[in-house]
2 protein chains.
Amino acid sequence: MSNTLAVNAIRVLSADMIQKANSGHPGLPLGAAATACELWTNHLKFNPQDAKWIDRDRFVLSGGHGSALLYSLLHLTGCGGLSIDDLKNFRQADSLTPGHPEYGHTVGVDATTGPLGAGCAMAVGFAIAETQLAAQFNEPGYDVIDHYTYVMCGDGCLMEGISSEAFSLAGTLGLSKLIVLYDSNKISIEGSTDIAFTEDVKKRMEAFGFGVQVVEDGNDTAAIGRAIEAAKADTTRPSFIEIKTIIGFGCESKQGTASVHGEPLGEENIVAMKKALGWPSVEPFAVPDEAYAPYRAMGEKNAAAQAKWEASFAEYRAKFPEKAALWDKFFGENADLAAYLASEDYAAYEDKPQATRALSGTYLNRIADNMPNLTGGAADLAPSTKTYMKGKGDYSAADRAGRNMHFGVRELAMSAIANGMLLHGGLRSYVSTFFVFSDYTKPMARLSALMNIPAIYVFTHDSIGVGEDGPTHEPIEQLSMLRAIPNFNVWRPCDATETAMAWRALIESKTTPGAIACTRQNLPQMAGSSDAALKGGYIISDSQKATPDAIIIATGSEVAISVEAQKMLLAEGIDVRVVSMPCVDVFEKQSDEYKKSVLPADVRKRVAVEAGNATELYKYVGLDGAMVCMTGFGASAPYSVLFKRFGFTAENVANTVKGL
Amino acid sequence: MSNTLAVNAIRVLSADMIQKANSGHPGLPLGAAATACELWTNHLKFNPQDAKWIDRDRFVLSGGHGSALLYSLLHLTGCGGLSIDDLKNFRQADSLTPGHPEYGHTVGVDATTGPLGAGCAMAVGFAIAETQLAAQFNEPGYDVIDHYTYVMCGDGCLMEGISSEAFSLAGTLGLSKLIVLYDSNKISIEGSTDIAFTEDVKKRMEAFGFGVQVVEDGNDTAAIGRAIEAAKADTTRPSFIEIKTIIGFGCESKQGTASVHGEPLGEENIVAMKKALGWPSVEPFAVPDEAYAPYRAMGEKNAAAQAKWEASFAEYRAKFPEKAALWDKFFGENADLAAYLASEDYAAYEDKPQATRALSGTYLNRIADNMPNLTGGAADLAPSTKTYMKGKGDYSAADRAGRNMHFGVRELAMSAIANGMLLHGGLRSYVSTFFVFSDYTKPMARLSALMNIPAIYVFTHDSIGVGEDGPTHEPIEQLSMLRAIPNFNVWRPCDATETAMAWRALIESKTTPGAIACTRQNLPQMAGSSDAALKGGYIISDSQKATPDAIIIATGSEVAISVEAQKMLLAEGIDVRVVSMPCVDVFEKQSDEYKKSVLPADVRKRVAVEAGNATELYKYVGLDGAMVCMTGFGASAPYSVLFKRFGFTAENVANTVKGL
């Protein structure tokens, strides 16, 4: 049971922060203050002196707009030295307290949240990672990984489909150490949730396989505490605790209304609130020591818990040296893997036409053999996307050591879950689906990029090469969509060597997520492909003279067509260079000198060839060049018919060059 | 109860089609044949001689990969003259039988499906439209709109979050004429649904507020028929019927396995299947008359029903002339609206700084006053996106005539539902959310474009102008993402006039969907803006000399900055033209002559200014120009701070021009 001052400290600090910024969302922090205080002062295993302790409980604030609540908690616990001045800088440039919680920016923030529901799915990812690592490392007497994942969510999070996707999977997987705290206030921005959300949430969560509890009074910290303990005691199912709250509680003139969600309370209302709450001062940001005490006491308790864990872990290291070595591979640098990725063994291939999806599967499996912490899977398409890791087991409630994930047909949650698995630490994750369905993964690919985590997206069936399945399944604009995301590398390899390099780049990346887009159809192996592909763009087949008559820039399946066009043109006395551009994003990062060596400034006759809409390639083609690309949707027919129809033939490429 | 030959005709035709194409998905058509036959021969109000009858029941095959089932049905009923030859051309170029059902391509296809779950949400849209039109038009004795919407979905559809979003809303809205037929076969591509989907689906649907029934034997057409009748009799709740089937039923050597989902059965297996089913011939595509008979009989019954409806509707027209006039506005041309949109009244504005989101709200409301069939809303953000139509009521179970939709925090389903409302006929729909969350709407915006329906997406908070909410809420790549979609027009107006023209263009569009991206922050009114904006790009402030020294191309909030830069440059003797480019997609469709008049080929000093990553503008900037755009994510701070930090100032634009 929490002390009232400690609860109200969250309300007061949040209200003051938002008022000073004249911007922010008081509704959630005020409404959920008691839940947050109870969790953070009596349950959460979190050492504010070491917010990166691997065995800490994770806390995800899925309703990221309630960031003031999290910053209040971090300040009250003393985490990362977050000061009153930091709180006063809420939502200001370069502050440690931005509008929504940002992973990697503020110490103690486990995940970037804001897009509603995403935190729920990331929490499922944390919980999965915990079980995978526990299965991998725990030994009798040494539960080196043994923690809970808490996620606080609201009505909005539960309206979003991503939470249904993620929680359905969490139930299937029996993730008993996942505890969802539902801040149930029945208010949304447009008014009462009655207008759009009258479903029986508890029943839905039961249907998903959760243990469900209800706390009728969201200020009853004793009841909240009992529910959390009961949730922890349920070792077979994830838990869902509906905690009935009043949005903006404490601010009597505004609480319970939609307007309290996202506007400052107003100075007078804050003074009135402080008085009504019995707060000892009406001064902004004035917090008595008694309010800090329970947070600091819990911090000391957790510091002691971590010290005990460290001691036990030292014993574990000594007792299980193989496990310790494996641990270092999971959590530190994997030198063996680095060497392997640079080896000829890794990049070897059979010189025959192959689909890059098949090659992707080959390289994925080679990597998996050398990278014990690689785990991932597809949204029910592994047989098509070739993303099954052979001999690595299937992750399930019965087999926590399995490395192949079965996400179900849930692209959006899959991507967020994989982000959560990465954020946990210790694992590398990948996800997969058809390239056209990257549309569904987009919001989470953006979050991967924003969080600077090296998530891997494996997309196959990457163009009209899909063929008979037709336009609903044929990507056109997806390369553009993903290339446009800042800090996200999109690879589209043309053959085995480029596929190997794409995977190598994705695996070696530390802070940039990325995707590989692979063909359904077979492609020939190119004589000119090499590890120069790691530069994103390179000359795959040069002109015979130093300054080419023209340059063809192509990616993926269009590279071979372009090299064929090059030969046709040469027979007519036109001497062109072919540049393969497997990753525009990485090419952009090369030196100007290198870029100019590939694309000399004075060669203005340039043709870009890509079976997509290829918008980014205009950057290289300029006003004097031409495009061979898609300008509309695809069609349903065998792919060879479509390639011809839409102009992806050596003849058409050659003619386009001649047209310049 | 259906005749066995009629049921098996679906199986046989589907198997033969897929075998001949050597491509396709037999699992669903064979498994769900009995359900489909029962529905189409005993319940569905669908006149194959007039597949556009407005009061027909709608049928959405959410698992669009089962297209062979739908084509079999259309052939068996005789709809659109779909012949055996058409079936033999399954999945071939230019056939009427593409890989997935395509709206507008094959007569009798109510919606394009393929992306799983989307059909479920579109069906909710159909059901909403039915209630809105019924409320608007029905009179005692004249239920001119009175039909059911059936959607057939599978496990995959129900795993997708979009179906949860849509069905939760359908329950809230009490859409009792929505009937979901769940083809429950427990098989997904990666194997048994046990690996990823063990939830209690029936309980979840009950939680959403559906009436739920189960048919234990998916070949028991009598039981299926009874369940459909019971569903129709439930007039307060939508219905969900779980029909337990065996995937690929009839092909004994493959049924019940994952492999039967998406591969041809093989000729020998098909022969064996035909024998096992007692089919009278093993020849491909041989269908006895008895198999056609029930489909044709039902067609005749429905033709008679339509004739009766036509007669009643003629009476209705005579009896309710005002309603008849309104009907014509809903279903035909609205000449008053066309005149209004071209009037000065419509475009009038107050000459003071205003946010384009506020202006968007103004023009939306003016249009709504003149367009009685406009209906729409936001994903719980109407107060922020300014998309509430004043005095037009709130759509709910209690008020079917309300035109303001409350979609809840469900961007993806919202977009699909709005597509369904459009597809129904009679209504124009719009949806709205923050621009950054256009990410969630993307998959459905793509379907709008693919279906050639004029869906309208209203996005606000369109750049780092969001300010304090920070990078999770600041669009960067969203303009690029949406512009890349074929047949989709993205408008980003710079002031009142351009906002008015953007709305006008969106409303006047017949076959191209589009979006308007609006600012959160105030913008000045531009002296040079005009209805030339309808051309997508135009000279908003020209140079003083005929051939400018340089051209600045800008959109939205960056236009005013660019005109300010123009003035600064002129003071230094540099005479530039400013082009406003509110819609790149529409500008691209103008004549070469017009485009060159705006962007003369010989003026190569060009600077594009856009507070996004602006990829598409490289097309106009070329190799000799420069960009003032975003190259990374935004930040949390007041927006004026961010505009300065990221270089969106007149000074920086002017310096960039000088740098050329």
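Preceding this paragraph is the structure being described.
Residues numbered from 1 in each chain as written. Chains lettered and ligands numbered in written order. Predicted model: local features only at pLDDT ≥ 70, side-chain atom pairs only at ≥ 80, totals over all residues. Heavy atoms only, no water.

**Q** An account of the overall build of chain A is needed here, citing residue identities and associated values.
**A** From N to C terminus, chain A includes 27 helices and 20 strands. In terms of C-alpha radius of gyration, chain A reaches 27 Å, essentially the compact-globule figure of 26 Å for 660 residues. Based on the C-alpha atoms only, the size of chain A along its principal axes is roughly 90 × 60 × 45 Å. Here chain A holds 660 residues, and 69% of them are scored as buried. Taking as baseline every contact in chain A between residues at least 6 positions apart, the subset at least 24 positions apart corresponds to 77%. Per element, the accessible surface of chain A, about 19,900 Å² overall, is 50% carbon and sulfur. Averaged over its 58 positive side-chain charges, chain A has a centre that lies 2 Å from the centre of its 77 negative ones. (Helix = DSSP H or I, 4+ residues; strand = E, 2+ residues; numbered from the N terminus. Rg over C-alpha atoms; globule rule 2.2 N^0.38 Å. Buried < 20%, exposed > 50% of the residue type's maximum accessible area, 1.4 Å probe, protein only. Contact = heavy atoms within 4.5 Å. Areas by Shrake-Rupley, 256 points an atom, 1.4 Å probe, with all protein chains shown as cover. Lys, Arg positive; Asp, Glu negative; His and termini not counted. Charge placed at Lys NZ, Arg CZ, Asp CG, Glu CD.)

**Q** Please provide a residue-by-residue account of the relation of the copies chain B and chain A, values included.
**A** Superposing chain B onto chain A takes a rotation of 180 degrees combined with a translation of 0.0 Å along the rotation axis, leaving an RMSD of 0.0 Å. Expressed as a symmetry operation, the mapping of one chain copy onto the other fits a two-fold axis. (Least-squares fit on C-alpha atoms with pLDDT ≥ 70 in both.)

**Q** Explain the sheet that holds strand E13 (residues 489-491) of chain B to me, using residue names and the numbers behind them.
**A** Residue and element names in this part refer to chain B. Strand order in the open sheet formed by 6 strands is E10-E9-E11-E12-E14-E13, with parallel pairing between adjacent strands. At either margin of the open sheet sits one strand with a lone partner, and together these are strand E10 (404-406) and E13. The sheet shows a mean angle of 20 degrees between the axes of neighbouring strands, taken without regard to direction. With 5 bridges connecting them, strand E11 (residues 428-434) and strand E12 (residues 456-460) associate as parallel partners. Across the sheet, residue phenylalanine 434 finds its bridge partner in E12, namely threonine 460. Lying over the sheet, helix H18 (residues 411-424) contacts strand E9 (374-378), E10, E11 and E12, oriented at roughly 170 degrees with respect to E11. (Pairing = 2+ DSSP bridges. Axes fitted to C-alpha atoms, helices over the stretch in contact; angles between N-to-C directions.)

**Q** Before we move on, can you summarise the interface of chain B and chain A with the specific residues and values?
**A** Taken residue by residue, the interface counts 98 residues in chain B and 99 residues in chain A. For the pair chain B and chain A, the summed buried surface comes to about 8,100 Å²; carbon and sulfur atoms form 58% of the total. Three residues stand out in chain B for area buried against chain A, namely Glu190, Arg446 and Leu623 of chain B, and they jointly supply 9% of the buried area on that side. If you look at where chain B meets chain A, you find 14 salt bridges. Here aspartate 94 of chain B makes a salt bridge to arginine 645 of chain A, at a shortest N to O gap of 2.6 Å. Across the chain B-chain A interface, the total number found is 48 residue pairs in polar contact (both at pLDDT 80 or more). (Buried area = accessible area lost by both parts, 1.4 Å probe. Salt bridge = Lys/Arg side-chain N within 4 Å of Asp/Glu carboxyl O. Polar contact = N/O pair within 3.5 Å; in protein donor to acceptor, adjacent residues only side chain to side chain.)

**Q** Could you give me a rundown of the packing of helix H6 (residues 118-137) of chain A against helix H13 (residues 321-331) of chain A, with the residues and numbers involved?
**A** All names here are of chain A. Remark: H6 packs on H13, axes separated minimally by 10 Å, with the N-to-C direction vectors making an angle of 155 degrees. In terms of axis orientation, H6 runs roughly antiparallel to H13. Contact residues: H6 offers Leu133, Gln136 and Phe137, while H13 offers Lys323, Leu326, Trp327, Phe330 and Phe331. Of the residues assigned to the contact of H6 with H13, the class counts are 6 nonpolar, 1 polar and 1 charged. (Parallel < 35°, antiparallel > 145°, perpendicular 65-115°, else oblique. Nonpolar A, V, L, I, M, F, W, Y, C, P; charged D, E, K, R; others polar.)

**Q** Summarise the nonpolar core; cite the residues concerned and give the values.
**A** Core analysis: the largest hydrophobic core is formed by 341 residues, its most contacted members being Leu178 of chain A together with Leu178 of chain B. When sequence neighbours within four positions are dropped, the list of residues in contact with leucine 178 of chain B reads Ala123, Val124, Ala127, Thr149, Val151, Phe167, Ala170, Phe210, Pro238 and Ser239 of chain B. (Core = buried A, V, L, I, M, F, W, Y, C linked by side-chain atoms within 4.5 Å.)

**Q** Break down helix H11 (residues 267-276) of chain B for me, with residues and values.
**A** Residue and element names in this part refer to chain B. Buried within H11 are the following residues: Ile270, Met273 and Lys274. For H11, the angular spread of buried residues about the axis comes to 95 degrees, placing them on one side. In H11, the exposed residues that point more than 90 degrees away from the buried face are Glu268 and Lys275. Turning to H11, the residues buried within the fold contact helix H1 (4-21) and helix H2 (27-31). One or two positions beyond H11, positive phi appears at glycine 278, with a value near 70 degrees. (Arc of directions from axis to C-beta.)

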